[in-house]
Amino acid sequence: MNTLLRLRRSLIALALSAVSAVAALPALAAQPLTIGLIPAEDSQAMIESSRQVLDSLQQQLGMPVKPFVATDYNGVIEALRSKKLDVAYLGPFSYVLANQVADVEAFAVAVTKKTGQSSYKSVIIARKESGIAKTADLKGRSFAFVDPTSASGHLFPKSGLLQAGYDPETFFGRVIFSGSHDASILAVANKKVDAAAVADRILASAIAKGQVKQDELEIVWSSNPIPESPMVWRKDLDPALKAKIAKALANVKDLPWGDQGVLNGFQPTTDAAYNVVRDTAKVLKLDLRSMK
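We now turn to the structure provided with this report. (Residues numbered from 1 in each chain as written. Predicted model: local features only at pLDDT ≥ 70, side-chain atom pairs only at ≥ 80, totals over all residues. Heavy atoms only, no water.)

A short note on the overall build of the protein
And then number 1: Helix and strand counts for the protein come out as eleven helices and 14 strands.
And then number 2: Looking at the protein residue by residue over its 292 residues, the buried ones come to 46%.
And then number 3: In the protein, the proportion of contacts linking residues at least 24 apart, taken out of those at least 6 apart, comes to 76%.
And then number 4: Carbon and sulfur atoms form 53% of the exposed surface of the protein, whose accessible area is close to 15100 Å². (Helix = DSSP H or I, 4+ residues; strand = E, 2+ residues; numbered from the N terminus. Buried < 20%, exposed > 50% of the residue type's maximum accessible area, 1.4 Å probe, protein only. Contact = heavy atoms within 4.5 Å. Areas by Shrake-Rupley, 256 points an atom, 1.4 Å probe, with all protein chains shown as cover.)

A word on the environment of Asp-103
And then number 1: Within the secondary structure, Asp-103 sits in the loop between helix 5 (92-101) and strand 4 (104-112).
And then number 2: Spatially, the C-alpha atom of Asp-103 lies 6.3 Å from that of Arg-234, the residues being 131 residues apart in sequence.

Observations regarding the environment of Lys-66
And then number 1: Within the secondary structure, Lys-66 sits in strand 2 (residues 65-69).
And then number 2: Each residue touching Lys-66, except ones within four places of it in the same chain, is listed here: Pro-32, Leu-33, Thr-34 and Ile-35.

Section: the side chain of Thr-34
And then number 1: The topology assignment puts Thr-34 in strand 1 (residues 33-37).
And then number 2: Of note is the side chain of Thr-34, whose polar atom sits 3.1 Å from the backbone oxygen of Lys-84.
And then number 3: Other than its neighbours up to four places away in sequence, Thr-34 contacts Lys-66, Lys-84, Leu-85, Asp-86 and Val-87. (Polar contact = N/O pair within 3.5 Å; in protein donor to acceptor, adjacent residues only side chain to side chain.)

Some points on the nonpolar core
And then number 1: Counting 60 residues, the largest nonpolar core has Leu-80, Val-87, Leu-90, Met-231, Ile-245 and Trp-257 as its most contacted members.
And then number 2: Counting residues per element, this core draws most heavily on strand 4, which supplies six residues.
And then number 3: Contact partners of Met-231, with chain neighbours within four places excluded, come to Val-87, Ala-88, Tyr-89, Glu-105, Ala-106, Phe-107, Ala-108, Leu-249, Trp-257 and Phe-266. (Core = buried A, V, L, I, M, F, W, Y, C linked by side-chain atoms within 4.5 Å.)

In structure tokens, the structure reads:
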């Protein structure tokens with residue numbers, strides 16, 4: 001009888017140990033945090049360029065972090081809407097759409113060591129000897145935009161021109177899309193076009209690299225600050241998890257982040273910071289769903 005009693009007690013103790021062991025398992029065995037990344041032509045390259053940041057988040061959060069790259073922005077937004085993603089990194093215009101249809105909100109924005117800022121500007125540049133000193137002087141001149149979907153290289157300057165009373169469709173003598181900010185800067189410097197719209201940070205980089213000379217160029221127009229691409233989360237995420245994610249991103253420093261360079265953390269942002277993007281979309285009557 002004593003033997004049976006001891007056996008029962010041993011089995012109970014073993015069962016309790018098993019329960020305790022399961023409870024003590026590290027949080028890494030929990031449901032993964034899924035993060036959507038801005039689409040690129042090569043999804044694997046996109047994941048690899050973000051790997052160090054993702055690894056840092058996984059280590060800090062104590063849970064698996066699983067990246068996801070769709071074929072376009074709408075794929076990331078749909079994944080957020082259907083709750084297949086918890087967090088995503090979106091462009092300013094794609095965020096405005098996601099906020100409308102997927103019940104998400106911006107909460108953080110990258111700050112890089114290079115600029116120390118979470119926003120940038122679109123500027124229109126011309127050669128100093130061109131006689132172009134103000135927006136009105138661009139009438140009838142040749143002009144370079146970057147790409148139809150580029151925020152600082154097309155959408156914001158186009159909106160600025162329209163608000164100033166100039167229709168880009170008829171205002172310029174000739175318009176081209178150069179394909180890149182660097183190409184537009186060089187097109188102005190090499191007299192291929194009279195003026196161009198580019199991002200101020202890329203212009204500063206071209207000057208620093210000696211690709212163009214600052215004293216040969218004139219900034220004839222500048223936009224309001226454009227917020228950087230935000231990190232967004234689903235509004236229904238657990239508040240405690242949100243706090244952990246925000247803290248972990250703030251701590252991500254000295255690591256590369258795509259084409260933005262080395263990070264100096266992510267600082268808090270709000271949905272209201274993207275009202276300037278909403279205003280621009282309204283002026284241009286943009287169909288945000290058609291943007292890739």
